[in-house]
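# Structural overview
These are the residues of each chain, in order.
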Amino acid sequence: MISKGKICSIRLGRRLILIAGFLILLILIFSLRKYPGPVEKYYSLGLYRLIRKGFQFLFNYMPFSAGDVLYILVSVSLATGIFQLCKLLVQGRFRNASFLFLGFFLKLQAAIAAFYILWALNYFRHPASERLKLNNDQYNKTQLIAVTSMLIDSVNSSRSVLVNSDFNSTDQAIIESAVKAIHDLSSFDPPLIAVKPIAKPSLLSPLLNYIGTSGYYNPFTGEAQFNDRMPIFSIPFVACHEMAHQMGFGAEDEANFVGFMAGKSSDDRLLKYSSYYLAAQEFMAEVWRTDSAAFKQIKLKISPAVIRDLETERAYWIKYQGRTAKLSSIFYDNYLKVNKQPGGLKTYNRMIKLTMAYYHKTGFLN
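Here we come to the layout of surface pockets. Counted as a void, the second largest pocket has a volume near 370 Å³. Considering the residues around the second largest pocket, the lining is formed by 17 residues, among which Leu45, Arg49, Arg125, Ile193 and Met247 are closest to the centre. When residues of the lining of the second largest pocket are assigned to their parent elements, the largest contribution, seven residues, is made by helix α2 (residues 36-59). Residues of the lining of the second largest pocket, tallied by class, amount to ten nonpolar, one polar and six charged.

This brings us to the sheet that holds strand β3 (residues 223-226). Sheet strands pair via backbone hydrogen bonds, and the direction of the pair is either parallel or antiparallel. Strand order in this open sheet of three strands is β1-β3-β2, and the pairing throughout is mixed. Each edge of the open sheet carries a strand with a single partner, namely β1 (199-201) and β2 (215-218). With strand direction ignored, the average angle separating the axes of adjacent strands in the sheet is 30°. As paired strands, β1 and β3 are joined by three bridges and run parallel to one another. What sits directly across from Ala199, in β3, is Ala224. Running over the sheet, helix α9 (residues 235-246) touches β1, β2 and β3 and is turned about 160° from β3.

All right, on to the confidence of the model for the chain then. Confidence in the prediction for the chain averages 89 pLDDT; 90% of positions are at 70 or higher. The low-confidence segment residues 327-348, where pLDDT is below 50, has 40 contacts with residues more than four positions distant or belonging to other chains.

So, about the packing of helix α10 (residues 252-264) against helix α11 (residues 269-290). Interhelical geometry of α10 versus α11 gives an angle of 140° and a closest axis separation of 8 Å. Taken together, the axis directions place α10 and α11 in an arrangement best described as oblique. The hand of the α10/α11 crossing is left-handed. Here Asn256, Gly259, Phe260, Gly263 and Lys264 of α10 come into contact with α11, specifically with Leu271, Lys272, Ser275, Tyr276, Ala279 and Glu282.

This part is about the packing of aromatic side chains. Applying the stated criterion across every chain yields a total of 22 aromatic pairs. Judged by centre distance (6.5 Å) and plane angle (80°), the ring pair of Tyr71 and Phe220 falls under edge-to-face. Of this pair, Tyr71 sits in helix α3 (residues 66-90) while Phe220 sits in the loop between β2 and β3, and the two are 149 residues apart along the sequence. Judged by centre distance (5.6 Å) and plane angle (50°), the ring pair of Tyr273 and Tyr277 falls under tilted. A residue pair is termed a helical-turn pair when its members lie 3 or 4 positions apart in one helix, as Tyr273 and Tyr277 do in helix α11 at four residues. Residue class for Tyr273 comes out buried when judged on its relative accessible area of 0%. Within the aromatic cluster, the residues linked to one another by ring pairs are Phe30, Phe115, Tyr116, Trp119, Tyr123, Phe124 and Tyr217. The ring of Phe99 has Arg15 lying over it, and the distance from NZ or CZ to the ring centre is 3.9 Å. One residue, Arg159, lies across the ring of Tyr273, its end atom 5.9 Å from the ring centre.

In this section: the side chain of Gln246. Mapping Gln246 onto the fold places it in helix α9. Apart from residues no more than four positions distant in its own chain, Gln246 is found in contact with Tyr48, Arg52, Pro197, Ile198, Tyr217, Gly222, Glu223 and Ala224.

With that settled, consider the environment of Asn209. Relative to the helices and strands, Asn209 resides in helix α8 (residues 205-210). Under the relative-accessibility criterion, Asn209 is labelled buried at 3%. Through-space distance from the C-alpha of Asn209 to that of Asn96 is 39 Å; in sequence the pair is 113 residues apart. Setting aside residues up to four positions removed in sequence, Asn209 forms contacts with Asn227, Arg229, Tyr316, Trp317 and Tyr320. In this structure the side chain of Asn209 is engaged in a polar contact, spanning 2.7 Å, whose partner is the side chain of Tyr316.

Parameters at a glance
Residues numbered from 1 in each chain as written. Predicted model: local features only at pLDDT ≥ 70, side-chain atom pairs only at ≥ 80, totals over all residues. Heavy atoms only, no water. 1 Å grid on protein atoms, 1.4 Å probe; cavity = no way out; pocket = protein on both sides within 12 Å on 5 of 7 lines; lining within 4 Å. Points joined across faces, edges and corners; volume = space filled by probe spheres on them. Helix = DSSP H or I, 4+ residues; strand = E, 2+ residues; numbered from the N terminus. Nonpolar A, V, L, I, M, F, W, Y, C, P; charged D, E, K, R; others polar. Pairing = 2+ DSSP bridges. Axes fitted to C-alpha atoms, helices over the stretch in contact; angles between N-to-C directions. Contact = heavy atoms within 4.5 Å. pLDDT = per-residue confidence, 0-100. Parallel < 35°, antiparallel > 145°, perpendicular 65-115°, else oblique. Left-handed = near helix turned anticlockwise from the far one by under 90°. Phe/Tyr/Trp six-rings, centres within 6.5 Å; stacked < 30°, edge-to-face > 60°. Buried < 20%, exposed > 50% of the residue type's maximum accessible area, 1.4 Å probe, protein only. Lys NZ or Arg CZ within 6 Å of the ring centre and 35° of its normal. Polar contact = N/O pair within 3.5 Å; in protein donor to acceptor, adjacent residues only side chain to side chain.

Encoded structure:
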């Protein structure tokens, strides 16, 4: 008869073998960073499309975010597990504690592998500038200021036509307009085909406020989610941004660009304003980094109504600033750097290059 100690040792050995196996799998996954061509062909344009269809079949018609529920359950399970681990350590049951800890580590490895296989390998595909034929991203200060001025004129104009009913739009109305805008990208050159995109208000919006997040894409359920507590004029663009991730645009600058392209051409007043509102801020920040004197001059062109919205948004997020938001920013900055976005959070500002290349292509800057 095998003793309990022997059985425990065998179980520990099996877990260590599984951990080694997952470690090899993760090394293979990260090695794909060097092979964007095969990732593009076999994953982004192949396996991922099948995965996305499966997620859409399972979760699109759920009236709530299944991903949020999943995260809540995982958080409860993790808290329970940590409590059990501490209890075992206090009781001096170190072998059992080791077994439990290895179980945590094994599940973490499995989650990371699933994250990449289900969606995040899209980080390793060819960049959007290459796929969308937007490689002419060189520009000078004069061209930057010209596009920024145009965007300010557009945000002022789109803000001036908003009426009270636009600021009372329901989540469903916002989602429908954003979905239509994403679908309409099929007329983009080259066409961006979206199949059954969907966005949902997050059940975790109160928490998202405290970590300074306007929305997120859940790779484990394929759901694009937005924070429905933030100022309403920010929500439509965020919905488009998260659905861009759903389409397979991994990098944040790419998702920002796709969201802007979708929103600026929309016939929905609030979505159009939301998109120009984001783009104008991005470009104004770039002008400030390039020429602070020019920034002060061009800032005077922003309409009082847009200024009020900027102040409203700033006041909203200041309420939730704290250590949690700072820690989440540090975590997300490093996460972006790991996934072929060495600029970290600065990557969001790289949409400038894509947008400038787009205006070169359309002839605005010629």
